[in-house]
Amino acid sequence: MVKKMIFLCFLFSLRAFALSSTEEHIWENGDTLLQFLQRNSIPMSLYYELDKEDQELASEIAYKAKYQILKDENNRIEQVLIPISDELQIHIYKNKEEQFKLTFTPVDYIKEDRILRLVVKNSAYQDVYEESKSSTLARAMVRSFKGSVNFRNIQKGDKITLYYSQKRRMGKLWGDISIKMAVVEINKNAREIFLYNDTYYGRNGKEIESFLLAKPVNHARISSHFTTARYHPILKRYRAHLGVDYAAPTGTPVKSAGNGEIIFIGTQNGYGKVIKIKHASGYTTLYAHLSRFAKVKKGQKVKQGQLIAYVGSTGMSTGPHLHFGVYLNNKAINPLSVVKIAKSELSAKSKKDFQNKIAEYESAIKEAIENDRPNPPKEEDFENFIEF
């Protein structure tokens with residue numbers, strides 16, 4: 001499917017055109033950057049000249065991701081934008097010498113803070129969706145409470161308040177939604193959660209326990225953490241690492257982080273030997289740089305903790321380790337935000353910062369109530385949300 005649109009030249013800043021034709025495409029399942037370059041007669045050296053980390057990053061282009069191609073009046077490609085996460089994209093363009101170049105640049109989006117309040121008429125999920133027309137928001141609400149609230153117990157007349165942040169790119173809802181504060185009132189008993197340093201806590205500063213996934217390797221240290229689009233001051237370019245690396249000897253058993261179904265087993269460019277597992281609620285996990293697979297196959301159901309492979313150093317790897325990725329609705333998220341860990345409580349110093357954050361959230365909600373601010377307009381389109 002291709003949608004043709006006309007954009008003014010400022011959408012792509014490195015070259016100037018009076019008017020340019022822009023095509024929006026959908027990234028096909030199994031497609032790779034190398035295949036894209038070859039198919040469009042763009043030098044494949046753009047890929048081969050990338051360092052190991054960037055070749056690995058190029059493997060992160062998500063199935064069904066929407067990308068844009070800018071063409072001149074003679075239908076020749078001038079620029080390409082391919083998102084690889086909510087924060088980072090591949091930018092291919094022609095320089096002044098008419099030679100193609102490839103770089104990684106931040107995704108340009110607008111961030112919106114919004115507040116939604118409602119009285120339940122049917123169910124929490126359905127009413128949040130009907131009021132916002134955003135299934136992304138409804139899912140984010142349920143996910144943020146991490147099983148601490150049974151939403152089936154919510155009845156007609158109960159109340160819900162959501163203070164959340166969302167992104168908009170090219171006028172469309174982009175990526176996932178972050179719930180900053182949520183209050184669910186069940187039979188006049190309020191259940192609250194607050195976001196602090198990417199983790200949800202109750203008002204008392206105790207963490208809302210994560211329950212979804214387990215660590216895929218035992219007794220392994222983290223050698224590289226999850227990062228999004230960050231500017232490297234020495235390399236003078238943007239880098240990202242969309243997963244967690246666990247350093248472990250070759251042959252260390254790799255286990256499924258959760259119950260699910262194997263949807264891919266094979267080789268994937270810079271990631272070498274890879275297994276992907278689809279889980280409930282839109283989650284997918286990726287296990288990369290494997291030395292070999294266990295006796296598993298595509299389409300097979302696996303249990304949490306089941307042996308699926310062994311640590312290795314295949315693909316673009318500098319040494320034996322497991323690259324572990326977690327994706328929510330096809331978007332990379334920090335694996336440590338959903339991997340089961342011991343329930344923790346904030347320290348005295350952090351608790352003071354946390355209380356200030358609560359006051360900030362509650363002040364925003366109080367202002368919305370006092371000014372009788374209506375709920376945000378309903379979303380017309382969720383082209384970047386993928387149902388599973």
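Here the structure is a predicted model, which is why all the values come from computation and not from measurement. (Residues numbered from 1 in each chain as written. Predicted model: local features only at pLDDT ≥ 70, side-chain atom pairs only at ≥ 80, totals over all residues. Heavy atoms only, no water.)

Engineer: Even after reading the chapter, I still don't get the packing of helix α4 (residues 124-132) against helix α5 (residues 135-144), so can you show me in this structure?
Structural biologist: Between two packed helices, the angle of one axis relative to the other and the distance separating the axes together describe the packing. The contact between α4 and α5 brings their axes to 8 Å, and the two run at 145°. Like other packed secondary-structure pairs, α4 and α5 cross with a definite hand, here right-handed. Only Ser135, Leu137, Ala138, Arg139, Met141 and Val142 of α5 make contact with α4, whose side of the interface consists of Ala124, Tyr125, Val128, Tyr129 and Ser132. For the contact of α4 with α5, the class distribution of residues is 8 nonpolar, 2 polar and 1 charged. (Axes fitted to C-alpha atoms, helices over the stretch in contact; angles between N-to-C directions. Helix = DSSP H or I, 4+ residues; strand = E, 2+ residues; numbered from the N terminus. Left-handed = near helix turned anticlockwise from the far one by under 90°. Contact = heavy atoms within 4.5 Å. Nonpolar A, V, L, I, M, F, W, Y, C, P; charged D, E, K, R; others polar.)

Engineer: What should I look at first to understand the sheet that holds strand β7 (residues 110-119) in this one?
Structural biologist: Within a beta sheet, neighbouring strands are joined by backbone hydrogen bonds and run either parallel or antiparallel to one another. An order of β7-β8-β9-β10-β11 is seen for the 5 strands of this open sheet, with the pairing classed as antiparallel. Of all strands in the sheet, those with a lone pairing partner are β7 and β11 (199-201), marking the two edges. The sheet shows a mean angle of 25° between the axes of neighbouring strands, taken without regard to direction. Across 3 bridges, the pairing between strand β10 (residues 189-196) and β11 is antiparallel. (Pairing = 2+ DSSP bridges.)

Engineer: Mind showing me how you'd approach the side chain of Ser132 here?
Structural biologist: Of note, Ser132 is situated in helix α4. By relative accessible area, which is 6% here, Ser132 ends up buried. Within the local environment of Ser132, its side chain forms a polar contact with the backbone oxygen of Val128, the two atoms lying 2.7 Å apart. Discounting chain neighbours no more than four positions away, the residues touching Ser132 are Leu116, Leu137, Lys378 and Glu379. (Buried < 20%, exposed > 50% of the residue type's maximum accessible area, 1.4 Å probe, protein only. Polar contact = N/O pair within 3.5 Å; in protein donor to acceptor, adjacent residues only side chain to side chain.)

Engineer: When you look at the pattern of salt bridges in this model, what are you seeing that I'm missing?
Structural biologist: Close approach of charged atoms allows side chains with opposite charge to pair. Counted by the stated rule, this structure contains 21 salt bridges. The partner of Arg39 in a salt bridge is Asp31, with the nearest N and O atoms 2.7 Å apart. Under the relative-accessibility criterion, Asp31 is labelled buried at 15%. Across the pair Lys357 and Glu360 runs a salt bridge whose closest N-O atoms are separated by 3.6 Å. Taken together, the residues span about one helical turn, with Lys357 and Glu360 both in helix α6 (residues 348-370) at a distance of 3 residues. (Salt bridge = Lys/Arg side-chain N within 4 Å of Asp/Glu carboxyl O.)

Engineer: Looking at this structure, I do not really get the packing of aromatic side chains. What am I missing?
Structural biologist: The way to describe two aromatic rings as a pair is by their centre distance and the angle between their planes. Taken as a whole and assessed by the stated rule, the structure comprises 11 aromatic pairs. Plain terms: the ring middles of Phe145 and Phe151 are 5.7 Å apart, the flat faces sit at 75° to each other, and that makes the pair edge-to-face. Assigned by exposure class, Phe145 and Phe151 land together as buried. Put simply, the rings of Phe194, Tyr196, Tyr201 and Phe354 touch in pairs and so form one group of aromatic residues. Across from the ring centre of Phe264, 5.7 Å away, lies the NZ or CZ of Lys276, which sits over that ring. Over the ring of Tyr310 we find Arg292, and its NZ or CZ is 3.9 Å from the ring centre. (Phe/Tyr/Trp six-rings, centres within 6.5 Å; stacked < 30°, edge-to-face > 60°. Lys NZ or Arg CZ within 6 Å of the ring centre and 35° of its normal.)

Engineer: Teacher, can you tell me more about α4 here?
Structural biologist: Counting along an α-helix, one turn takes 3.6 residues, and residues three or four places apart therefore face a common direction. Those residues of α4 that fall on the buried side of the exposure criterion are Ala124, Asp127, Val128 and Ser132. Taken around the axis of α4, the buried residues stretch over an arc of 115°, which confines them to a single face. Taken together, the buried residues of α4 touch β7, α5 and β8 (159-169). At the exit of α4 stands Lys133, carrying a positive phi of roughly 55°. (Arc of directions from axis to C-beta.)

Engineer: Looking at this structure, how should I read the nonpolar core?
Structural biologist: Side chains of a nonpolar character, in soluble globular proteins, are inclined to be buried together. If you look at the biggest cluster of nonpolar residues, it comprises 61 residues, and the most contacted ones within it are Leu33, Phe36, Ile90, Ile92 and Tyr287. Setting aside its immediate chain neighbours within four residues, Phe36 contacts Trp27, Asp31, Ile42, Tyr67, Ile69, Val80, Ile82 and Ile92. One finds Leu116, Ala124, Leu346 and Ala364 within the second-largest nonpolar core, a separate group that totals 39 residues. (Core = buried A, V, L, I, M, F, W, Y, C linked by side-chain atoms within 4.5 Å.)

Engineer: Where do I start with the pairing of strand β5 (residues 88-94) in this structure?
Structural biologist: Within a regular beta strand, the side chains point alternately toward one face of the sheet and then the other, so they alternate between its two faces. Most of β5 sits out of view: 7 of its 7 residues are buried. One ladder, built from 5 bridges, connects strand β4 (residues 77-83) with β5; its direction is antiparallel. From the neighbouring strand, Val80 faces β5, where its bridge partner is Ile92. Joining the antiparallel neighbours β4 and β5 is a turn of 4 residues.

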